[in-house]
Each structure stands twice: as C-alpha cells, then as structure tokens.
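Each chain, letter by letter, is given below.
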Amino acid sequence: MLQMGGFEVRSAENLLEFDRILESWKPEIILTDLQMPDIDGAQLCKLLRTRLAWAKVPIVLFSSIDEVALAAIAKEAGADAYLSKNMGDGFLDLPDRLQQLCEEILF
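Scope of this entry: the structure provided in the associated data block. Just so it is clear, the model here is predicted, and its values are computed rather than measured. Each chain has its residues counted from 1, running along the sequence as written. Restriction of local features to residues with pLDDT of at least 70 applies here, the model being predicted, together with a cutoff of 80 or more for giving and counting side-chain atom pairs; totals for whole chains, interfaces and linings are based on all residues. To obtain the side-chain values, all non-hydrogen atoms of the structure were used and water was disregarded.

Some remarks on the nonpolar core
Right, so step 1: To qualify as a nonpolar core, a set must consist of buried Ala, Val, Leu, Ile, Met, Phe, Trp, Tyr and Cys residues joined through side-chain atoms within 4.5 Å. Only protein chains enter the accessibility calculation, which uses a 1.4 Å probe; a residue whose area is less than 20% of its type maximum is buried, one above 50% is exposed, and one in between is partly exposed. In terms of nonpolar packing, the biggest core is built from 17 residues, with Phe18, Ile30, Leu48 and Leu61 touching the most fellow members.
Right, so step 2: Looking at this core, the elements with two or more residues in it are helix H1 (15-24), helix H2 (41-50), strand E2 (59-63) and helix H3 (67-77).
Right, so step 3: Not counting the four nearest positions on each side in its chain, Phe18 is found in contact with Ala12, Ile30, Leu44 and Leu48.
Right, so step 4: Ile29, Leu83, Leu94 and Leu98 belong to the second-largest nonpolar core, a separate cluster that totals 11 residues. The numbering of helices and of strands both runs from the N terminus, where a helix is a DSSP run of H or I of at least 4 residues and a strand a run of E of at least 2. When checking whether two residues touch, look at their non-hydrogen atoms; a contact exists if any pair is within 4.5 Å.

What follows is the structure, given as structure tokens:
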C-alpha cells in the first residue's frame, strides 16, 4: 500500500534485519508496528532514540490497540506520532494518513 502511495519502503522481519537495512539506507521516517516478535515498536523506538545516527528520525507507531492506549505508549516511548489501524479505512488510507503526518513532522 505504501509503495503504491509513492513511498520508498524497506521492511524487516526482525531486529537483526532492521539493523542491516539501516546500515545501507537512511529513512526519512520509520513506521513500526507496535506488536512484533523480537522487539515491540515502543522498545524499538526507545532503542533508536539512544543511537546518535537515528535519534532524530521521526518514528510512527502503528497498531490496532485502543487509540488512547496507543497514544500513551507512543508518548512514553518517544515516538513522534502514532496511527491506529482502526481509524479510517485501516490499511487502505494508510498512505494518505502517513503522507499527512510526513507533512506535519518533516516539513
């Protein structure tokens, strides 16, 4: 969906793969699911904030948990924003919602 929306996308199955991607590519924004197998999105956000090269890259948490809980987790983790899978048309309008966030965060 994001590629069709004009985003250049890299995806990782685990933290090791994510680290490998970051060695060769500097994203303008990181969208991460909150619930992942190796590390949850909040932990990943906190980890990235400790790494000098990634501390300033905007991070968006993405999840289907309750929006109030998601907002609290995003704030506590130091994420720049959050998107609920339950808002709007879920994945269908994700590119538009992420583009709007990029305009707010990056520009």
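Side note on H2
Right, so step 1: Restricting attention to buried positions, one finds in H2 the residues Gly41, Ala42, Leu44, Cys45 and Leu48. Angular distribution of buried residues about the axis of H2 spans 160 degrees; they occupy a single face of the element.
Right, so step 2: With a side-chain oxygen positioned 2.9 Å from the backbone nitrogen of Ala42, the residue opening H2 is Asp40. This arc is built from the directions going out from the helix axis to the C-beta atoms. Residues adjacent in sequence count toward polar contacts only when both atoms are side-chain atoms; beyond that, a polar contact is any pair of N or O atoms within 3.5 Å, and within protein one must be able to donate a hydrogen and the other to accept it.

A short note on a nonpolar patch on the surface
Right, so step 1: Patches here: salt-bridge-free residues with over 30% relative accessible area, like charges joined within 9 Å, nonpolar side chains (Val, Leu, Ile, Met, Phe, Trp, Tyr) joined within 5 Å. With residues, only the protein chains shown are counted as cover, and all accessible areas are computed by Shrake-Rupley using a 1.4 Å probe. In the sections that follow, a salt bridge refers to a side-chain nitrogen of Lys or Arg positioned within 4 Å of a carboxyl oxygen of Asp or Glu. Where nonpolar side chains cluster on the molecular surface, the patch consists of Met1, Met4 and Leu92 and spans about 380 Å² of accessible area.
Right, so step 2: Its location among the elements puts Met1 in the segment before H1.

A short note on the sheet that holds strand E1 (residues 30-33)
The strands making up a sheet associate through hydrogen bonds between their backbones, and the pairing can be parallel or antiparallel.
Right, so step 1: Sheet architecture is open: three strands sit in the order E1-E2-E3, paired in parallel fashion. Each having just a single partner strand, E1 and strand E3 (81-84) make up the two edges of the open sheet. Along the sheet, successive strands turn relative to each other by an average axial angle of 25 degrees, direction set aside.
Right, so step 2: As paired strands, E2 and E3 are joined by four bridges and run parallel to one another. The residue of E3 that forms the bridge with Leu61 is Tyr82. At least two bridges found by DSSP between two strands are what make those strands a pair. With axes taken as lines fitted to C-alpha atoms, and helix axes fitted only over the stretch in contact, angles between N-to-C directions fall between 0 and 180 degrees.

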